[in-house]
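Breakdown of the fold
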Amino acid sequence: MQAERQKQGRIPYALWVLMTVLVLALAGCGNSGGAGTGATTTGDAGAANIKQEAQVEKKEDTRTITDAYGKVEVPAQPSRIVVLDIGALDNLLAMGVKPVGASSILAPGDPYPGYLQGAEGIANVGSVNEPNLESIDALKPDLIIGNKDAHDAIYEQLKQIAPTVFVETLGVTWKENLQLHADAINRQEEGTKLLAAYEQRAADMKSALAAQSGKEVSLVRPRQDKIQLYLTGTFAGTIMKDAGIVRPAEQQADGFSKDVTEEQIAELDGDIIFWFNREPDAFAKLEKSPLWATLKGVQNKAVYPVDWEYWLSGLGIQAVNKVLDDLDLYVVHPS
């Protein structure tokens, strides 16, 4: 009897052990599942955080600006910049940024304009009208700056090399171009200061000239086959207008230039005559004209050659100030 009761007593104990094992197993499975779920959730959150951090980092590394084509994403602090026209080279150097590459004005390999400060050591990437894509690519730029007028045909190719910023045109828009160049390289404050200094200088010159007799200043480009009168719708023309320079009636139009013949030489007359050209013999030919000696500027001995590199082709803030230097020297404070 006692043995039978002992045998009967073992059965509940065995069941109890079995139930305990099952409970522990189920708990382990539950914990395992929970741990697995938790690990998955943590992994998803980690990936999301990494993605978010990458997006923030990308946002901090780049900026979106608006150029002649629309929105363009550029490096926040570009360090390897290639410029395709002298106006951009001029402006960047004035803002303390030295490009790794630049185009020359006329022919590939030509020296950069002598008036520019700090252009030594910049790699040549062709001419303004014919930039060399292979030379540009070899420099591994992180930003390219050009203009739509001259470089529209290669815009898509340039974009494949690096983010590309284009101004619309050159010349009369030099103020807007300076601001866009400053925005592209994240030097807005420097650009604003340069423009403000110009505005003040031009205003001071205008005030000084207002107190004078208002001598008319003619701007002429002699060429082999014609004579060009440069009007107010030019790079130099905008500066002269800002500075209060009085122009002869025939040169007050808004256009770019007007062609005249030697028989129409009276139209280039002025109390002061500035001239520039790229053709060495063109002015000598003009001087030989029988009508040349009849001009007031000639009779006043007030005919001055000025440097075409900044009067004609500079197109940046340093060139602007060189033009003002000449105006101050020959018009505002003549010796």
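Report follows, based on the coordinates. Being a predicted model, the structure only gives us computed values, none of them experimental. (Residues numbered from 1 in each chain as written. Predicted model: local features only at pLDDT ≥ 70, side-chain atom pairs only at ≥ 80, totals over all residues. Heavy atoms only, no water.)

**Examining the nonpolar core**
- Membership of the largest hydrophobic core comes to 62 residues, with the highest contact counts inside it found for Leu-89, Ile-145, Tyr-198, Ile-239, Phe-274, Trp-311 and Leu-327.
- Tallying contributions element by element places helix α12 (residues 317-332) first for this core, with 8 residues.
- When near neighbours in sequence (up to four residues on either side) are disregarded, Leu-89 contacts Val-83, Pro-99, Ala-102, Tyr-112, Leu-116 and Ile-122. (Core = buried A, V, L, I, M, F, W, Y, C linked by side-chain atoms within 4.5 Å. Buried < 20%, exposed > 50% of the residue type's maximum accessible area, 1.4 Å probe, protein only. Helix = DSSP H or I, 4+ residues; strand = E, 2+ residues; numbered from the N terminus. Contact = heavy atoms within 4.5 Å.)

**Concerning the sheet that holds strand β12 (residues 303-305)**
- If you walk across this open sheet you meet the 5 strands as β10-β9-β8-β11-β12, and the pairing is mixed. Two strands bound the open sheet, and with one partner strand each, they are β10 (257-260) and β12. When the angles between neighbouring strand axes are averaged without regard to direction, this sheet yields 30 degrees.
- Pairing between strand β9 (residues 227-230) and β10: 4 bridges, direction antiparallel. Its bridge partner being in β10, Leu-229 is matched across the sheet by Lys-258.
- Taken strand by strand, α12 contacts β8 (217-222), β11 (272-275) and β12, and its axis lies near 150 degrees from that of β11. (Pairing = 2+ DSSP bridges. Axes fitted to C-alpha atoms, helices over the stretch in contact; angles between N-to-C directions.)

**Concerning the environment of Glu-134**
- Checked against the element boundaries, Glu-134 lands in helix α3 (residues 133-138).
- Classification of Glu-134 by relative accessible area gives exposed; the value is 68%.
- Counting along the chain gives 27 residues from Glu-134 to Ile-161, while the straight-line C-alpha distance between them is 9.9 Å.

**Some thoughts on the side chain of Asp-269**
- You can see Asp-269 is positioned in the loop between β10 and β11.
- Buried within the structure, Asp-269 lacks any salt-bridge partner; its nearest side chain of opposite charge belongs to Lys-296, at an N-O separation of 4.9 Å.
- Engagement of the side chain of Asp-269 in a polar contact is seen with the backbone nitrogen of Lys-296, the distance being 2.8 Å.
- With sequence-adjacent residues up to four places away left out, Asp-269 is seen in contact with Ser-218, Pro-248, Gln-251, Leu-295, Lys-296 and Gly-297. (Lys, Arg positive; Asp, Glu negative; His and termini not counted. Salt bridge = Lys/Arg side-chain N within 4 Å of Asp/Glu carboxyl O. Polar contact = N/O pair within 3.5 Å; in protein donor to acceptor, adjacent residues only side chain to side chain.)

**Some points on helix α7 (residues 188-210)**
- With 23 residues, α7 extends 33 Å from end C-alpha to end C-alpha; this agrees with the ideal 33 Å at 1.5 Å per step.
- Within the span of α7, buried status applies to Gly-191, Leu-195, Tyr-198, Ala-202, Met-205 and Leu-209.
- Looking at the buried positions of α7, the neighbouring elements they touch are α6 (174-184), α8 (235-242) and α12. (Expected span 1.5 Å × (residues − 1).)

**Observations regarding the packing of aromatic side chains**
- Per the stated rule, a full pass over the model turns up 14 aromatic pairs.
- Taken together, a centroid distance of 3.8 Å and an interplanar angle of 15 degrees make the contact between Tyr-69 and Tyr-155 stacked. Of the two residues, Tyr-69 sits in the loop between β1 (62-67) and β2 (70-75) while Tyr-155 sits in helix α5 (residues 155-161), which places them 86 residues apart along the sequence.
- Here Tyr-69 falls in the partly exposed class, since its relative accessible area comes to 30%.
- Taking relative accessible area as the criterion, Tyr-155 reaches 9% and is therefore assigned buried.
- Relative to Tyr-310, the ring of Tyr-115 lies with its centre 5.8 Å away and its plane at 75 degrees, an arrangement referred to as edge-to-face. With Tyr-115 in the loop between β4 (101-104) and β5 (123-127) and Tyr-310 in helix α11 (residues 308-311), this residue pair connects regions lying 195 residues apart in the sequence.
- Judged by relative accessible area, which is 8%, Tyr-310 ranks as buried.
- Aromatic rings pair up to connect Phe-274, Tyr-304, Trp-311 and Tyr-330 into one cluster. (Phe/Tyr/Trp six-rings, centres within 6.5 Å; stacked < 30°, edge-to-face > 60°.)

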